Amino acid sequence: MSTDRQLGFDTLQIHAGANPDPATGARQVPIYQTTAYVFRDADHAAALFNLQEVGYIYSRLTNPTVAALADRIVALEGGAGGICCSSGHAAQIMALFPLMGPGRNIVASTRLYGGTITQFSQTIKRFGWSAKFVDFDDEAAVAAAVDDDTRAIFCEAIANPGGYITDIPAIAAIADKAGLPLIVDNTSATPYLCRPIELGATLVVHSTTKYLTGNGTVTGGCLVDSGKFDWMASDKFPSLSQPEPAYHGLTFGEALGPMAFTFHSIAVGLRDLGMTMNPQGAHYTLMGIETLSLRMARHVENAEKVAKWLEAHDAVETVTYAGLDSSPYKARMAKVCPKGAGGLFTFALKGGYETCKKFVDALGLFSHVANLGDTRSLVIHSASTTHRQLSEEQQIAAGAAPNVVRLSIGIEDADDLIADLDQALAKANA
Ligand SMILES: *Cc1c(COP(=O)(O)O)cnc(C)c1O
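Residues numbered from 1 in each chain as written. Predicted model: local features only at pLDDT ≥ 70, side-chain atom pairs only at ≥ 80, totals over all residues. Heavy atoms only, no water.

**Student:** Is there a simple way to explain the sheet that holds strand E4 (residues 150-156) in this structure?
**Tutor:** Strand-to-strand pairing in sheets goes through backbone hydrogen bonds, with the strands running parallel or antiparallel. Strand order in the open sheet made by the 7 strands is E1-E9-E8-E7-E4-E2-E3, with mixed pairing throughout. Single-partner strands in this sheet number two, and they are strand E1 (81-85) and strand E3 (130-134). Across this sheet, the average inter-strand angle for adjacent strands is 20 degrees, counted without regard to direction. Bridge count for E1 against strand E9 (residues 221-225) is 5 bridges, and the pairing is antiparallel. (Pairing = 2+ DSSP bridges. Helix = DSSP H or I, 4+ residues; strand = E, 2+ residues; numbered from the N terminus. Axes fitted to C-alpha atoms, helices over the stretch in contact; angles between N-to-C directions.)

This is how it looks when you write it as structure tokens:
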């Protein structure tokens, strides 16, 4: 797009990354269903492999459809560069990969998506990496957890299962002081509600599976780099600040400046780890993202109505939604995500575990699934499903006590959602 005007969010979500196709003029982004790209000649091929010229080589590294999506998310987040990945979990590994090494650790919030807690507490140990989990409301504890081997600080903007908003500027200040990048998972907030880079984050990760696609059709992820971190400032990040042996000795931080992290992620990360998004998947997410702002505004409007209604219901003990006046996180919402607290929250039923099970089974419009961020409303009783393997104590710490139900509020008519909840609460408590 050639324009000097600073384009607004609603314009960027439709136009960023997408020019009419140079070969055909196609207005929509074509699905480039190809693995490889013909080189103009041998010199062109060599220049591409040397990163002297930017272009397409092989779709494990880059693909025009996938690149259009990455560029669009980068524009919405206000980043310098980024890559798409096969899933949100892949994006998290791709974010850590250039930073970490055996013996290194990250300091992570205790309030994270359940799958992320497992990835960080168990699986990354196989690489010799580890995570220290800290309550991110306790800023002194976050600072104290940082040691000489710490290479990143990780949190979610609006943390799953909902209600908790991270004070990103405060955590970014701790990361800055320690000379470390702050990685923010912006999945539940989306760049419409929260802009972590403006609040001081270095890297932003997404599960595009959720709100960015918006309709529960594909699994994907994205990693956005602010381009603002000085990798050369210390010897902590040798993959970026020193000659990279995995890429014929190129010093990415020196050669590529603000694009160092992005190019390392493509030339080494995607090349060798292969966590690539496919062009068909990118197409579905490009279709979804065009309406992101409209959907998020409705998700928030509906979530506020439903949360207020639930809070006033006799059978309900508590509602965690940060958009409620009763929430301790309402004040932080104004600072971190002023347009609203998203569409995800939990509530506790006075009746306990059995009542929750009956309630979930009695719902009609709400689908009982392990997903969130869909146009349709979703429900899950964590204690009998995703958090089933945990002790009751662990369930409570994770915000998934036996009497807690998680809702992902869709964009249907709020009155229909409330009517469905009303009849299910009546049946569960009969
Ligand atoms: C779903 C989710 C992930 C993992 O993403 P996948 O696409 O399922 O791999 C990570 N973080 C958050 C906040 C999520 O909701």
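**Student:** For this particular structure, what's the right way to read the site of the ligand?
**Tutor:** In the region of the ligand, 15 residues are neighbours, and Gly88, Asp185, Ser207, Thr209 and Lys210 sit closest. Within the complex, 92% of the 380 Å² of free accessible area of the ligand lies under protein. Here the shell around the ligand takes 3 residues from helix H4 (residues 88-96), the largest share from any one element. Taken together, the residues that form the shell around the ligand break down as 2 nonpolar, 10 polar and 3 charged. (Near = heavy atom within 4 Å. Areas by Shrake-Rupley, 256 points an atom, 1.4 Å probe, with all protein chains shown as cover. Nonpolar A, V, L, I, M, F, W, Y, C, P; charged D, E, K, R; others polar.)

**Student:** It is not clear to me how the packing of aromatic side chains should be interpreted in this structure. Could you clarify?
**Tutor:** Geometry of an aromatic ring pair is reported as the spacing of the ring centres plus the angle between the planes. Within the structure shown, the criterion is met by 13 aromatic pairs. Note on phenylalanine 9 and tyrosine 192: the rings are 5.7 Å apart at their centroids and 65 degrees apart in plane angle, and the pair reads as edge-to-face. With phenylalanine 9 in helix H1 (residues 9-15) and tyrosine 192 in helix H8 (residues 190-193), the pair connects residues that are 183 residues apart, well separated along the chain. Look at tyrosine 192 and you get buried, because its relative accessible area is 15%. An angle of 85 degrees between the planes, with centres 5.7 Å apart, marks the rings of phenylalanine 347 and phenylalanine 359 as edge-to-face. Highlighted residues: phenylalanine 347 in strand E11 (residues 344-349) and phenylalanine 359 in helix H15 (residues 353-362), separated in sequence by 12 residues. Accessibility classification places phenylalanine 347 together with phenylalanine 359 in one group, the buried group. (Phe/Tyr/Trp six-rings, centres within 6.5 Å; stacked < 30°, edge-to-face > 60°. Buried < 20%, exposed > 50% of the residue type's maximum accessible area, 1.4 Å probe, protein only.)

**Student:** Would you mind going over the environment of glycine 82 with me for this structure?
**Tutor:** As for its placement among the helices and strands, glycine 82 is situated in strand E1. Classification of glycine 82 by relative accessible area gives buried; the value is 17%. The sequence separation of glycine 82 and valine 205 amounts to 123 residues, and the corresponding C-alpha distance is 9.5 Å. For glycine 82, the residues in contact, after removing those within four places along its chain, are Ala70, Val74, Leu223, Val224 and Thr262. (Contact = heavy atoms within 4.5 Å.)

**Student:** In this structure, what is going on with the pattern of salt bridges? I would like to understand it.
**Tutor:** A side chain with one charge can pair with a side chain of the opposite charge if their charged atoms come near. In total, this model carries 11 salt bridges according to the counting rule given. A salt bridge links aspartate 167 to lysine 335; the shortest N-O distance between them is 3.1 Å. Highlighted residues: aspartate 167 in the loop between strand E6 (164-165) and helix H7 (168-178) and lysine 335 in helix H14 (residues 330-336), separated in sequence by 168 residues. Residue classification places aspartate 167 among the buried residues on the basis of a relative accessible area of 9%. The salt bridge involving glutamate 198 is made with arginine 195; its shortest N-O contact spans 2.7 Å. (Salt bridge = Lys/Arg side-chain N within 4 Å of Asp/Glu carboxyl O.)

**Student:** I'm lost on the sheet that holds strand E13 (residues 378-380) in this one. Help?
**Tutor:** Spatial strand order, E10-E11-E14-E13-E12: 5 strands in an open sheet with mixed pairing. A strand with exactly one partner marks an edge of an open sheet, and here the two such strands are strand E10 (316-319) and strand E12 (367-368). Of the strand pairs in this sheet, E12 and E13 are connected by 2 bridges, and their pairing is parallel. Pairing of serine 367 across the sheet is with leucine 378, part of E13. Together, E10, E11 and strand E14 (404-408) form the strand contacts of helix H13 (residues 292-311), whose direction differs from that of E11 by roughly 10 degrees.

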